[in-house]
Amino acid sequence: MAGKSVVLPRGVEIFRESLRIRFTWDGARRCETLPYPPTQKGIATASKLRDQVNSLNKMGLLDADKYAELFPGSQTVAGSTPTFGEYAQLWLDSREITAGTRLNYKGALNLYWVPRLALVRIDLVTPTLLRKIIATTKWSSPGVKRNAITKLSTILKSAMEDGLTPKNPAESLELPKRKKKEIDPLSLDEANQIIAKMYQHEHWPSTIYAAYFEFAFFTGMRLSEALALRWNDVDLSKKVVHVRRTVALGKVEERTKTGGERHVLLNDRALHALEFAKQYAERRSKGAGKILNTPYIFPPSKNSEYVKQTSDLHKQWGPTLLALGVRYRPPYNCRHTYATICLMSGLNPAFIAQQLGHSVQMLLTTYARWINSSSDWSELEKLQIGIKMVSAEISAT
């Protein structure tokens, strides 16, 4: 509309690149900026809104709630109900979550929701508003979209439980189907080859990684949990370790990924790894370096107390698999290897789930193929026996 004289309706004005309307409410002059461009259509919409405000005002129907509904981004109405941005920040600040989880939430909020919802009162966030945001957002993948909606729904559900909104407006949103991750464990032979190769490392400080991966392969602990394990977490007399910490974003968090603590029973291979780590610690204490003694069982080198992040493990893992000609799978698959070996050995799923820190349902869902592979023929044999028994009863009658 540049270069043309614009005749604006009464009470409507151009403010920067948007429109603003002026009116009187509650005995004072008010001014509200609208998310409309200074086009003919935008001006007409702004004028119509101002007429609606004046009409409601004359009839005495423009209370604080209606005002907040008409102008969700307004700071005029200061009430006890927080905006989405305020509540989301409060929710994050009050949660006991790992640094990695917190970063995940902040990333999803700041990228997709805060730019559009920050100033909207939490009780005025509607399914329709959320659908508009989703429809106009360019999602890099279905997984990213699912993660963002799930994070949003968690916060809005909390707001509902806090009594700030009557229902969770994100509950009715459709989530993209979760892409099932294919579990790809290593074989027991491959695990043994990797461990043996690492124990043969010429640079003795690097042999601690052999003990670390032997421990990971034969306890099923998450990589970050094993890195945070301290000597005072181990009870060798009872052959058990207390899992209660994790490494996240370079720091040791005094909690696990799921928030719960657990005790993991140790088999002979795990005990062997701990025995090697103990001898390693004694040799290290007599050497040279900035840090000679550390409470952590699997320290990375002489210059640090613990491995700062699981990605550092790739420096030892990748070259070892390459040298052996073993097909590459990420280090996390040590956990899958332990789970599948246990299942195929006939261990009780409830016991395995407790060792891993899983629910039994998650274990059965994730590793169903290995449960079946170890017992399919025996189950089929039960069916054959059942058929014979039923047939015999029918014949007898």
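So, here's what we can say about the structure. Note that this is a predicted model, so its numbers are computed, not measured.

About the thresholds
- Residues numbered from 1 in each chain as written.
- Predicted model: local features only at pLDDT ≥ 70, side-chain atom pairs only at ≥ 80, totals over all residues.
- Heavy atoms only, no water.
- Phe/Tyr/Trp six-rings, centres within 6.5 Å; stacked < 30°, edge-to-face > 60°.
- Helix = DSSP H or I, 4+ residues; strand = E, 2+ residues; numbered from the N terminus.
- Buried < 20%, exposed > 50% of the residue type's maximum accessible area, 1.4 Å probe, protein only.
- Lys NZ or Arg CZ within 6 Å of the ring centre and 35° of its normal.
- Arc of directions from axis to C-beta.
- Contact = heavy atoms within 4.5 Å.
- Polar contact = N/O pair within 3.5 Å; in protein donor to acceptor, adjacent residues only side chain to side chain.
- Axes fitted to C-alpha atoms, helices over the stretch in contact; angles between N-to-C directions.
- Parallel < 35°, antiparallel > 145°, perpendicular 65-115°, else oblique.
- Nonpolar A, V, L, I, M, F, W, Y, C, P; charged D, E, K, R; others polar.
- Patch = residues over 30% accessible without salt bridge, like charges linked within 9 Å, V, L, I, M, F, W, Y side chains within 5 Å.
- Areas by Shrake-Rupley, 256 points an atom, 1.4 Å probe, with all protein chains shown as cover.
- Salt bridge = Lys/Arg side-chain N within 4 Å of Asp/Glu carboxyl O.
- Pairing = 2+ DSSP bridges.
- Left-handed = near helix turned anticlockwise from the far one by under 90°.
- 1 Å grid on protein atoms, 1.4 Å probe; cavity = no way out; pocket = protein on both sides within 12 Å on 5 of 7 lines; lining within 4 Å.
- Points joined across faces, edges and corners; volume = space filled by probe spheres on them.

1. Observations concerning the packing of aromatic side chains
Then comes step 1: Counted according to the given criterion, the structure contains 15 aromatic pairs.
Then comes step 2: Look at W25 and Y67: their rings are 4.5 Å apart centre to centre, the planes differ by 35°, and that puts the pair in the tilted class. Remark: Y67 occurs in helix α2 (residues 64-70) and W25 occurs in strand β2 (residues 18-25); sequence separation between them is 42 residues. The residues W25 and Y67 share a single accessibility class, namely buried.
Then comes step 3: Arranged with centres 4.9 Å apart and planes meeting at 40°, the rings of F213 and W317 form a pair that is tilted. Linking F213 in helix α8 (residues 208-217) with W317 in helix α11 (residues 314-324), this pair joins segments that are 104 residues apart in sequence. Neither residue differs from the other here; F213 and W317 are each classed as buried.
Then comes step 4: One cation-aromatic arrangement involves R20 over F15; the distance from NZ or CZ to the ring centre is 4.0 Å.
Then comes step 5: Taking NZ or CZ as reference, R283 lies 4.1 Å from the ring centre of W204, over its face.

2. Topic: helix α13 (residues 349-356)
Then comes step 1: If you check which residues of α13 are buried, you get I352, A353, Q355 and L356. All buried residues of α13 project into a common sector of 160° when viewed along the axis, lining one side.
Then comes step 2: Lining the buried residues of α13 we find β8 (262-265), α12 (333-344) and α14 (360-366).
Then comes step 3: Two to three positions downstream of the cap, the backbone nitrogen of A350 sits 2.8 Å from a side-chain oxygen, assigning the N-cap of α13 to N348.
Then comes step 4: Just past α13, the residue G357 takes up positive phi, approximately 80°.

3. Observations concerning the packing of helix α3 (residues 84-94) against helix α6 (residues 142-161)
Any two packed helices are characterised by the angle at which their axes cross and by the distance between the axes.
Then comes step 1: At a closest axis distance of 10 Å, the pairing of α3 and α6 adopts a crossing angle of 95°. Judged by the angle between their axes, α3 and α6 are roughly perpendicular. Taken together, the residues of α6 that come into contact with α3 (itself represented by F84, Y87, A88 and W91) are L152, T154, I155, L156, S158 and A159.
Then comes step 2: In the contact of α3 with α6, the residues fall into eight nonpolar, two polar and no charged.

4. Points about a nonpolar patch on the surface
Then comes step 1: Together, L265, L347 and F351 give the surface a local cluster of nonpolar side chains, amounting to about 230 Å² of exposed area.
Then comes step 2: Turning to its location among the elements, L265 is positioned in strand β8.

5. Structural notes on the sheet that holds β8
Then comes step 1: Read across the sheet, three strands follow the order β4-β5-β8 without closing on themselves; strand pairing throughout is antiparallel. The two strands at the open ends of the sheet, each matched to only one other strand, are β4 (234-235) and β8.
Then comes step 2: As judged from the two bridges shared by β4 and strand β5 (residues 240-243), these two strands associate in the antiparallel manner. What sits directly across from V234, in β5, is V241.

6. Considerations on the packing of helix α7 (residues 188-199) against α8
Then comes step 1: Contact geometry of α7 with α8 gives a least axis separation of 8 Å together with a crossing angle of 160°. Taken together, α7 and α8 sit at an angle that is classed as roughly antiparallel. Read as a crossing pair, α7 and α8 show a hand that is left-handed. Every residue of α8 that contacts α7 at A191, I194, I195, M198 and Y199 is listed here: Y209, A210, A211, F213, E214 and F217.
Then comes step 2: Residues belonging to the contact of α7 with α8 are distributed by class as follows: ten nonpolar, no polar and one charged.

7. Focus: empty space enclosed by the protein
Then comes step 1: Using the criterion set out here, one finds one cavity of 30 Å³ or more in the structure.
Then comes step 2: Taken together, I208, Y209, Y212, L227, F298, P299, P300 and V307 form the lining of the largest cavity.
Then comes step 3: A total of three residues in the lining of the largest cavity trace back to one element, the largest contributor, which is α8.

8. Details of the environment of H358
Then comes step 1: Along the polypeptide, H358 turns up in the loop between α13 and α14.
Then comes step 2: Not counting chain neighbours up to four residues away, the residues in contact with H358 comprise R222, R335 and A353.
Then comes step 3: A distance of 3.5 Å separates a polar atom in the side chain of H358 from a polar atom in the side chain of R335.

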